[in-house]
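# Understanding the architecture of this molecule
The residues making up each chain are set out below.
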There are 2 protein chains.
Amino acid sequence: MSRWKPDAAGRLTQAAMTLFDRQGYEDTTVAEIAADAGLTKRTFFRYFADKREVLFSGSKELEHRWLEAVAAAPADADPLAAATAGFDTVAELFVERHEFARIRARIIDSNPELQERELIKLQSLASSIKSALVDRGVSHNAAIIAAQAAVTVFHVAFARWVQQDDSAAFRRLMDESLEELRAVTAA
Amino acid sequence: MSRWKPDAAGRLTQAAMTLFDRQGYEDTTVAEIAADAGLTKRTFFRYFADKREVLFSGSKELEHRWLEAVAAAPADADPLAAATAGFDTVAELFVERHEFARIRARIIDSNPELQERELIKLQSLASSIKSALVDRGVSHNAAIIAAQAAVTVFHVAFARWVQQDDSAAFRRLMDESLEELRAVTAA
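Residues numbered from 1 in each chain as written. Chains lettered and ligands numbered in written order. Predicted model: local features only at pLDDT ≥ 70, side-chain atom pairs only at ≥ 80, totals over all residues. Heavy atoms only, no water.

So, about the relation of the copies chain B and chain A. Rotating chain B by 180° and moving it 0.0 Å along the rotation axis overlays it on chain A with an RMSD of 0.0 Å. Between the two chains, the operation in question is that of a two-fold axis. A share of 100% of interface residues in chain B that are also interface residues in chain A marks the association as one of identical surfaces. (Least-squares fit on C-alpha atoms with pLDDT ≥ 70 in both. Contact = heavy atoms within 4.5 Å.)

Residue and element names in this part refer to chain A. Between its first and last C-alpha atoms helix α8 (residues 98-109) spans 16 Å; for 12 residues at 1.5 Å apiece the expected length is 16 Å, and the two agree. Where α8 is concerned, the buried positions are His98, Phe100, Ala101, Ile103, Arg104, Ala105, Ile107 and Ile108. Check the buried side of α8 and you find it contacts α1 (8-23), α4 (51-56), α7 (87-95), α9 (112-135) and α10 (140-161). (Helix = DSSP H or I, 4+ residues; strand = E, 2+ residues; numbered from the N terminus. Expected span 1.5 Å × (residues − 1). Buried < 20%, exposed > 50% of the residue type's maximum accessible area, 1.4 Å probe, protein only.)

Another point: the packing of helix α7 (residues 87-95) of chain B against helix α10 (residues 140-161) of chain B. Residues and elements named next belong to chain B. Following both chains from N to C, one finds α7 and α10 inclined at 25°, their axes separated by 12 Å at the closest point. When the interaxial angle is binned, α7 and α10 end up roughly parallel. For the pair α7 and α10, the crossing hand works out as right-handed. For the pair α7 and α10, contact is made by Phe87, Val90, Phe94 and Val95 and by Ala150, Val153, Phe154, Phe158 and Trp161, respectively. Classifying every residue of the contact of α7 with α10 by side-chain character gives 9 nonpolar, no polar and no charged. (Axes fitted to C-alpha atoms, helices over the stretch in contact; angles between N-to-C directions. Parallel < 35°, antiparallel > 145°, perpendicular 65-115°, else oblique. Left-handed = near helix turned anticlockwise from the far one by under 90°. Nonpolar A, V, L, I, M, F, W, Y, C, P; charged D, E, K, R; others polar.)

Nonpolar side chains in soluble globular proteins generally cluster together in the buried interior. Ranked by internal contacts, the top residues of the largest apolar core, which has 86 residues, are Phe154 of chain A together with Phe154 of chain B. When neighbours within four sequence positions are excluded, Phe154 of chain A is seen to be in contact with Leu62, Trp66, Phe87, Val90, Phe94, Leu122, Phe170 and Met174 of chain A. (Core = buried A, V, L, I, M, F, W, Y, C linked by side-chain atoms within 4.5 Å.)

Mean pLDDT for chain A: 93, with 96% of residues reaching 70 or above. Confidence, read as mean pLDDT per element, is least for α9 of chain A in chain A (93) and greatest for helix α2 (residues 30-36) of chain A (97). (pLDDT = per-residue confidence, 0-100.)

Bringing the packing of α8 of chain A against α9 of chain A into the picture now. Residues and elements named next belong to chain A. Where α8 meets α9, the axes come as close as 7 Å, and the angle between the chain directions of the two elements is 115°. The residues of α9 that touch α8, namely those facing Arg104, Ile107, Ile108 and Asp109, are Leu114, Gln115 and Glu118. Class assignment of the residues belonging to the contact of α8 with α9 gives a composition of 3 nonpolar, 1 polar and 3 charged.

In structure tokens form, the structure reads like this:
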């Protein structure tokens, strides 16, 4: 976890992830996280609404970057090309967070409430991508289908990425998942 | 709503949907639902764990039917054909429930917690279809992609079906959504 920056949010994140992983998410308190980071609870709440937010605070940046890329895709990009235009920047965002993502995946897999939160974030992402596609002039129907397909590809690739050791593999795994989707639907 | 059967569960469902639609889901109590159905709260709880279950009790039958169809698909069906093999029986199940589905959609659209529940049920359905595909010998990766694609197509078609008047249109709308997915991914 050496890549996290030594600022307060980074220290809190590192302390939280270490505690979640060691003693379980449910059994970890904000007071413990703050203490392990050498900070106060008050400081914790300046950065995170609650301990769950430590796991999900990255989703805003993910969505922001992805939507920027959709908007910047070439005018003649087809709906799926525009929907997946965020893959490069998303992979860049995640490459330094592989260790975080791996621990995070273990924590989320062990907690149904966190799994639900993860699903809702993904659905919210798909909904935003859909709107960005509609803004590009894509029909409502094609936009929903393309956005859902892009998020499914992302999600499948992400699940594979956290299960293996190569932090740089994410971009390639997204391409592979996209090819699998094409193969499955081409039949 | 004349299609609902006059048994206790049917009367409770009809009373609940009428109340949810008229005065809002949040403002409706189990006591009111039971009273309007001419039954006791005790009877209500024999059929439903809570008022939310009135909206989601059909998802088990949906999943059961769908999985049966996946298992019964021809041995040489490709992954997406097997994943979507449930479309016929699912459309049959829903055709008599159009009015219920339309009211239900309005209620769910107005309540974020219910929207989350709906997402989770859909994800659970996709996960079960994935397992059914793996049981047929489909690879894990192709199974995830095909199951997600099938559920996306179902979900998109469902959202269109509840927005229009033709109760028999669901099967056709599923075909149209599937064609849209093929078109989007073929480019």
